[in-house]
Each structure stands twice: as structure tokens, then as C-alpha cells.
Amino acid sequence: MPTIFSKIVNREIPAEIVFQDDRVTAFKDINPLAPVHILIVPNIEIPTADDIRPEHEATLGHLFVVAQQVARQMGIGESGYRLIVNCKGDGGQEVFHLHMHLLGGRKL
Ligand code: 5GP
């Protein structure tokens, strides 16, 4: 059963995609908590941070490189931003497809 984020990655459901390559996709959060609120996801389904394995290292390192690039693209490279990864229930994770929140555009 594909996650809702896999459907966004595969463009089966709409989202405002701001960056995509063969490893990761970045799109606007549907319920933004800041003027800039982007979700950056690996194109492959890794459910949670607790499911990360050594073979994911390159993809997850790339996630940070893309976060920096998208932050600059959104005009918050200089002002700064917050990167968040929630893990499972107590971590506040709602969508079980690993994702990084990129938040900025105001003082957090
Ligand atoms: P989590 O709590 O799992 O770390 O964050 C999930 C995030 O996904 C939430 O900020 C929520 O607003 C966002 N979200 C959930 N469903 C959708 C969707 O269908 N499209 C988009 N663009 N964002 C979504």
C-alpha cells in the first residue's frame, strides 16, 4: 500500500513540488506552520527514522543537501531555518514515510 507521500512523489495526487530528482522530492506542506514549510522525502519508502539502514546513508545525506538548496531557493538560506524529523507516535509522526520538515520565514 503506497503512502500518501509516495503518491505525491509519483505525481498520482497533486502537491506543490518545489524540487525533485531521482532520489528525493520536496513539496509544500498542506498545513504550513511557518511562511516556508516544505517536506523533503526520499523517493523510496522508509517508514520511520527507526527504519534507516546503512544502505540509506547516501540518500539521507542527499536529503540534507537538497534541504540547503531548497532553503536558498525559497529565500531563507540567509535568515535561517529549522529541519525536523519526527519519529513514530511519541515523536509526533503522522505520515509513515520518512520526511524532513524545512521551516522558516519567521522567528521560530
Ligand atoms: P509528521 O507529523 O508525520 O512529521 O508530518 C506530516 C506532515 O505532512 C504534516 O505537516 C501534514 O500537514 C503534512 N501532510 C499530510 N498529508 C499531506 C498531503 O496530502 N499533502 C501535503 N502536501 N502535506 C501533507
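Shown above is the structure to which this text applies.
Residues numbered from 1 in each chain as written. Predicted model: local features only at pLDDT ≥ 70, side-chain atom pairs only at ≥ 80, totals over all residues. Heavy atoms only, no water.

**A word on the site of the ligand**
1) Next: Taken together, 16 residues lie around the ligand, and Asp-29, Gly-92, Glu-94, His-99 and His-101 are the ones closest in.
2) Next: A distance of 2.8 Å separates an oxygen atom of the ligand from a polar backbone atom of Gly-92.
3) Next: Here an oxygen atom of the ligand and a side-chain polar atom of His-99 are 2.8 Å apart.
4) Next: Relative to its unbound accessible surface of 520 Å², the ligand loses 85% to contact with the protein.
5) Next: Given that more than half its atoms are within 2 Å of the pocket grid, the ligand belongs to the largest pocket.
6) Next: Listing elements by their share of the shell around the ligand, those giving two or more residues are α1 (4-9) and β2 (24-28).
7) Next: A breakdown of the residues in the shell around the ligand according to their chemical character gives 7 nonpolar, 6 polar and 3 charged. (Near = heavy atom within 4 Å. Polar contact = N/O pair within 3.5 Å; in protein donor to acceptor, adjacent residues only side chain to side chain. Areas by Shrake-Rupley, 256 points an atom, 1.4 Å probe, with all protein chains shown as cover. 1 Å grid on protein atoms, 1.4 Å probe; cavity = no way out; pocket = protein on both sides within 12 Å on 5 of 7 lines; lining within 4 Å. Sits in = over half its atoms within 2 Å of the grid points. Helix = DSSP H or I, 4+ residues; strand = E, 2+ residues; numbered from the N terminus. Nonpolar A, V, L, I, M, F, W, Y, C, P; charged D, E, K, R; others polar.)

**Remarks on the layout of surface pockets**
The gaps left among the atoms become clear once a water-sized probe is rolled over them.
1) Next: Quantified by volume, the largest pocket comes out at close to 510 Å³.
2) Next: Around the largest pocket, the lining comprises 22 residues; the ones closest to its centre are Phe-5, Asp-29, Ile-30, Asn-31 and Leu-39.
3) Next: Here the element with the most residues in the lining of the largest pocket is α1; it accounts for 3 residues.
4) Next: The residue inventory of the lining of the largest pocket, partitioned by class, reads 11 nonpolar, 7 polar and 4 charged. (Points joined across faces, edges and corners; volume = space filled by probe spheres on them.)

**Description of the packing of aromatic side chains**
1) Next: Within the structure shown, the criterion is met by 1 aromatic pair.
2) Next: Relative to Phe-27, the ring of Phe-5 has its centre 5.3 Å away and its plane inclined at 70°; by these criteria the two rings are edge-to-face. Of this pair, Phe-5 sits in helix α1 while Phe-27 sits in strand β2, and the two are 22 residues apart along the sequence.
3) Next: Residue Phe-27 is classed as buried on the basis of its relative accessible area, which comes to 2%. (Phe/Tyr/Trp six-rings, centres within 6.5 Å; stacked < 30°, edge-to-face > 60°. Buried < 20%, exposed > 50% of the residue type's maximum accessible area, 1.4 Å probe, protein only.)

**Some details on the environment of Leu-60**
1) Next: Within the element layout of this structure, Leu-60 appears in helix α2 (residues 57-73).
2) Next: The class of Leu-60 is buried, set by a relative accessible area of 13%.
3) Next: Taking C-alpha positions, Leu-60 is 8.9 Å from Val-24, a pair spaced 36 residues apart along the chain.
4) Next: Residues within four places of Leu-60 in sequence aside, it is in contact with Ile-46, Ile-52 and Leu-98. (Contact = heavy atoms within 4.5 Å.)

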